[in-house]
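Per-entry structural report
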Amino acid sequence: MSEKFNRRDFINIGALAATGIIVGCNTVSEKKRTMDEKKFLDQAPDGKELKAGLIGCGGRGTGAAIDFLSAGPNLKIHALGDVFQDRLEGCKEKIKTEKQQVVPDENCFVGFDAFEKVINSGVDVVILATPPHFRPLHFEAAVSARKHVFMEKPVAVDPVGARSVIATSKKAEALGLVVGTGTQRRHQRDYVATFKEIFEGKIGDIVSANCYWNQSQLWYRNAQPEWAEMEYMIRDWVNWTWLSGDHIVEQHVHNIDVINWFTEKHPIKAVGFGSRQRRVTGDQYDNFSVDFEYDNGMHVHSMCRQINGCTDNVSELVFGSQGYTNCRNTIFNPKGDIIWEYQYPKIEGVEKNESVKVSPYVQEHIDLVTAIRENKPYVEAENTAVSTMCAIMGRISAYTGKEVTWDEVMNSDLKLGPDVYELGKVNIEKIIHVPGIA
C-alpha cells in the first residue's frame, strides 16, 4: 500500500477529519500509519433551527426526513416536493404521525419543477431522494443556491451525470458547504472501527477483495390505464436503467463504495457479465458479475443479484498479505482465526448483540448536522460519484460484453433518459441489452 497520498486520499482524509477522525502518519516509522479513534455523538449538538426541504417523497425520502429529524434538537422539515401529490401527502402524514411536525400546505410543491420551489422556500438543508437520474440536476441547483445537502446514493446513472456531480462537489467544497451522500456504512460505528484497524496495517497490504449484494426480487409496479408512460416509469423506477442506473448502480454501489474506501483506490478497468432471468418489468438485468482490475494489478470480484429462491448474501471481504476482514466487525489471520472483533454495546437479556448503538441511517444525519453547526464542512459527493462511476463501468461492460476502462467512462458522453420531463410518452429507446452486439 502506498504511503504517498494522492488528491483523492486527501479528500477522503479531509472528510474523515471533519467528522471527527484525525489521521496522521507515524513520524517514527514511515511504514506505520495511525488513526485516532472516531468519537461518535449520539445526538447532534443544539444550535439555531435548521430547516430542511425534502425533494422526493417516496419511501427512502420519507425515511431520510425522519432520520434527519431524529438527529438532534431544533431540526425541522420546512418544505416538501414531489412529482406526485399522493406521495407528497403520504410523506406529510408520516412526518406528522411519527415526529409531530406539520409541513404547511404553502410549502408543499408538486411537479417536475418542485425541486426549484423547495430550494427557494427558505431552507438551510436540501434532502435529495428522487430516483437517481435527477440527482445531478438537483444537486447542482441546491449548491448554486448555497444550500447544505443530504442526497441518497447513487448520485448519478450515467458518466455525464457522475462527472457533473464531481464538478458540483468541488464547488460545494469551495463554498464551505456540508454534503452527505447516503453511504451510511461510512458512518456505521463497527465499519469505521474496522477501517481504522485495516488502515493501521492489521492485515498488511491489501491484495484482493470480494463484494456481494445478492437478494430476492425487488418491488415493481404494473402499468395502470390512467397513468401516462412517464408516470408509470417513475412509479416503477427501480426497474428502469435511465432512472435507477440498474441495480448494480442503485444498490450494489454500497458494497463497491466500501471496497473503494478500504482499498483507498478505485478500479481502472472492468470485465463483467449479467443477464435478465426473471425480472417482471422495466429494461434492467437481474444479475451481474464483474471483475474489477486496479492499477497495481489487484482484482476485486463484484456480484449482485435480485432473484427469488437463490442464496442471499450482502457483505464485503478484503484480503491482505497478513489476514482478511469482513469490513464490518471482524479481522482474521490467514488461518481463519479471529484476531480482532468490534465490541458492541451489551444489552440485558441479549446473549450476543451485533447492533451498533445508533442506527447508521440516523448517524449520518447526526454527522451532517454536527458539521453544519460546528462549521466543519465536509463533502462526501466526489467519493460517492467515483463509486457510482465504478458501478456504471461494470454495468456498461456487462451490457456490451466488452472490457471498459476508467478513462473511457470518464470521457464518455453517455447520458440516459429523455430531454424533456413531462407526464406523457417517454421518448427513449426501450431495449434490453444483449452482450456482444450492444
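Residues numbered from 1 in each chain as written. Predicted model: local features only at pLDDT ≥ 70, side-chain atom pairs only at ≥ 80, totals over all residues. Heavy atoms only, no water.

1. Thoughts on the pairing of strand β9 (residues 206–215)
Among the 10 residues in β9, 8 count as buried, and that is most of the element. Of the strand pairs in this sheet, β9 and strand β12 (residues 299–306) are connected by 8 bridges, and their pairing is parallel. Note on β12: the bridge partner recorded for Trp213 is Cys304. (Buried < 20%, exposed > 50% of the residue type's maximum accessible area, 1.4 Å probe, protein only. Helix = DSSP H or I, 4+ residues; strand = E, 2+ residues; numbered from the N terminus. Pairing = 2+ DSSP bridges.)

2. Quick notes on the confidence of the model for the protein
Low pLDDT means the predicted atomic positions in that stretch should not be read closely. Residues with a pLDDT of 70 or more make up 93% of the protein, whose mean pLDDT is 93. Low pLDDT, under 50, characterises residues 1–29; the predicted model gives this stretch 54 contacts beyond four residues in sequence or across chains. (pLDDT = per-residue confidence, 0-100. Contact = heavy atoms within 4.5 Å.)

3. A word on the nonpolar core
In terms of nonpolar packing, the biggest core is built from 49 residues, with Phe262, Phe292 and Val318 touching the most fellow members. Residue assignment for this core shows that the elements contributing at least two residues are α7 (189–199), β9, α10 (247–250), α11 (253–263), β11 (287–293), β12, α13 (381–400) and α14 (406–410). Residues Phe68, Cys108, Phe150 and Ala371 belong to the second largest nonpolar core, which totals 32 residues. (Core = buried A, V, L, I, M, F, W, Y, C linked by side-chain atoms within 4.5 Å.)

4. Some words on the packing of helix α6 (residues 159–175) against α13
To characterise two packed helices, one gives the angle between the axes of the helices and the distance between these axes. Here α6 crosses α13 at 170°, and the two axes come no closer than 9 Å. Between α6 and α13, the interaxial angle falls into the category roughly antiparallel. On α13, the residues touching Pro159, Ala162, Arg163, Val165, Ile166, Ser169, Lys170 and Glu173 of α6 are Ala381, Glu382, Ala385, Met389, Ile392 and Ile396. Residue classes in the contact of α6 with α13 are distributed as 9 nonpolar, 1 polar and 4 charged. (Axes fitted to C-alpha atoms, helices over the stretch in contact; angles between N-to-C directions. Parallel < 35°, antiparallel > 145°, perpendicular 65-115°, else oblique. Nonpolar A, V, L, I, M, F, W, Y, C, P; charged D, E, K, R; others polar.)

5. Side note on the sheet that holds β11
As summarised here, the arrangement of the 9 strands in space is β16-β15-β14-β13-β9-β12-β11-β10-β17, forming an open sheet in which the pairing is mixed. Each having just a single partner strand, β16 (338–341) and β17 (404–405) make up the two edges of the open sheet. In this sheet, β12 lies alongside β11 in antiparallel orientation, the contact comprising 7 bridges. Residue pairing across strands places Asn287 opposite Arg305, the latter belonging to β12. Running at roughly 165° to β9, α11 makes contact with β9, β11, β12 and β13 (313–320) of the sheet.

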